Amino acid sequence: MRYSALRILKEGLTGNKGWKPAWRDPEPKREYDVVVIGGGGHGLATAYYLAREYGITNVAVLEKGWIGSGNVGRNTTIIRSNYLLPGNEPFYELSLKLWEGLEQDLNYNAMISQRSILNLVHSDAQRDAFIRRGNAMFLAGADAEYADADQLRRELPFLDFDNARFPIRGGLYQRRGGTVRHDAVAWGYARAADARGVDIIQNCEVTGFDIEDGTCRGVETTRGPIRARKVAMCVAGSSGRVAALAGMRLPIESHVLQAFVTEGLKPVLPGVITFGAGHFYVSQSDKGGLVFGGDIDGYNSYAQRGNLPVVEDVCEGGMAIMPMIGRARLLRSWGGVMDMSMDGSPFIDRTHIDGLYFNGGWCYGGFKATPASGWCYAHLLARDAPHPVAAEMRLDRFRRGHMIDEKGVGAQPNLH
């Protein structure tokens, strides 16, 4: 069934009796060509692109909960490609281009809003660093625009430009950045993958791997064993636990990342704004709430909730750049479990076990990477070779000394 304005009109006039479930609820088969562990955005996108790009449709996506219950529905919805390093920027620019055509591709309204993202500058040194990043973005085919303080005063007069500690000297815009409705991304990919024959199996937790003579033959699940020629892990903050079932230890730590939303307000923020002297980012949702977040909680955790000191730190960051936010009332908060790599960059790679593949280590950036992650992971699974824009996202890069340290702060997850 294709969605359209005409379809909505027809259903409205006929009692909305013609709508069908967005995807099937099949029983798992005994064997598949590919089993994708994790029904979040990355897992669903991988299954979709396997079917669409490579004609591999005998695929199962195993989700231990329900579609949209993990990080894909627990984030601040930001999309962007304003990276510096060649191991990252081409990948995220591919992702942004895929975002731009996603709704037409999936025939689903993901509420993609390219309302811009602005990284604020608070010192001369930071200005130089951001201009360098903007030039690197140009080299990768992305867009960038430096705005001085006078321009920002005209566009965003509510910012605290003369803050004694963090004066605002300018900012780096990416006008094509913005926000997307997070759970709609999961639903759209699930519906599109299902339409191409992919089995989406909810409430099916992987409890072990069937490994014989160094080759992965399938998985053990709460709904019985499932054989597969290839098994693809894609479980975000649960990466360490799932990989441990296969006897693997990953260069990843799991931390909780909190996010917040205020009461609904009249339109005040034209786009996404980030604090350059701390970790704070904010946008305004279509319902009017200010959606914001900051640093991870500094301890390892698998809980989808955080502690009050980080709440205080995030709110201090917001007050530093826009004191008016102090008058807004917090409506709710939540947490997502982040798979923090040691250098702040992800992995899309084969493991040392034949037939077992890994996608993870996305840190704060997993949501915006969703389309390109699925695109490149599908390429790896279909061709057993990394996609060119993901060629540096290898599991052995620490051993080889080829880190992708985007911030230049060293091998410590809480610094990224």
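Residues numbered from 1 in each chain as written. Predicted model: local features only at pLDDT ≥ 70, side-chain atom pairs only at ≥ 80, totals over all residues. Heavy atoms only, no water.

Naming follows an unreviewed UniProt entry, where the protein appears as Sarcosine oxidase subunit beta of Roseovarius spongiae. Under the Sequence similarities (unreviewed entry) heading, UniProt states for the protein: "Belongs to the SoxB family." A UniProt comment under Subcellular location (unreviewed entry) is attached to the protein, and it reads "Cytoplasm". (UniProt positions renumbered as here; feature names shortened; annotations may be inferred.)

A.B. asks: For this particular structure, what's the right way to read the pairing of strand β11 (residues 226-233)?
C.D. replies: Each regular strand shows side chains that alternate between the opposite faces of the sheet. Taking burial as the measure, the 8 residues of β11 include 6 buried ones, the bulk of the element. Note: strand β1 (residues 31-37) against β11, 6 bridges, orientation parallel. The residue bridging Tyr-32 from the neighbouring strand is Ala-228, located in β11. With antiparallel pairing between neighbouring strands as the criterion, strand β10 (residues 215-221) and β11 make up a hairpin whose turn holds 4 residues, including Gly-224 at a positive phi of roughly 105°. As paired elements, β11 and strand β18 (residues 356-360) share 3 bridges and run parallel to each other. The partner of Val-231 across the bridge, within β18, is Leu-356. (Buried < 20%, exposed > 50% of the residue type's maximum accessible area, 1.4 Å probe, protein only. Helix = DSSP H or I, 4+ residues; strand = E, 2+ residues; numbered from the N terminus. Pairing = 2+ DSSP bridges.)

A.B. asks: Looking at this structure, I do not really get the packing of helix α3 (residues 89-100) against helix α10 (residues 370-383). What am I missing?
C.D. replies: Each pair of packed helices gets described by two things: the angle between the helix axes and the distance between those axes. For the pair α3 and α10, the least separation of the axes is 7 Å and the interaxial angle reads 110°. In terms of axis orientation, α3 runs roughly perpendicular to α10. From α3, Phe-91, Leu-94, Ser-95, Leu-98 and Trp-99 reach across to α10, where they touch Thr-370, Pro-371, Ala-372, Ser-373, Trp-375 and Cys-376. Counted by class, the contact of α3 with α10 contains 8 nonpolar, 3 polar and no charged residues. (Axes fitted to C-alpha atoms, helices over the stretch in contact; angles between N-to-C directions. Parallel < 35°, antiparallel > 145°, perpendicular 65-115°, else oblique. Contact = heavy atoms within 4.5 Å. Nonpolar A, V, L, I, M, F, W, Y, C, P; charged D, E, K, R; others polar.)

A.B. asks: Where do I start with the sheet that holds strand β12 (residues 252-264) in this structure?
C.D. replies: In a beta sheet, neighbouring strands are held together by backbone hydrogen bonds and run either parallel or antiparallel to one another. Spatially, the 8 strands line up as an open sheet ordered β5-β6-β4-β13-β14-β15-β12-β16, and their pairing is mixed. Either end of the sheet is taken by a strand with one partner, and the two such strands are β5 (145-148) and β16 (330-341). Each adjacent strand pair in this sheet contributes to an overall mean axis angle of 25°, direction not counted. Note that strand β4 (residues 117-121) and strand β6 (residues 170-174) share 5 bridges and pair antiparallel. Within β6, the position partnered with Ile-117 by the bridge is Gln-174. The sheet strands contacting helix α9 (residues 308-321) are β4, β12, β13 (272-274) and β15 (289-300), and the helix crosses β15 at an angle near 135°.

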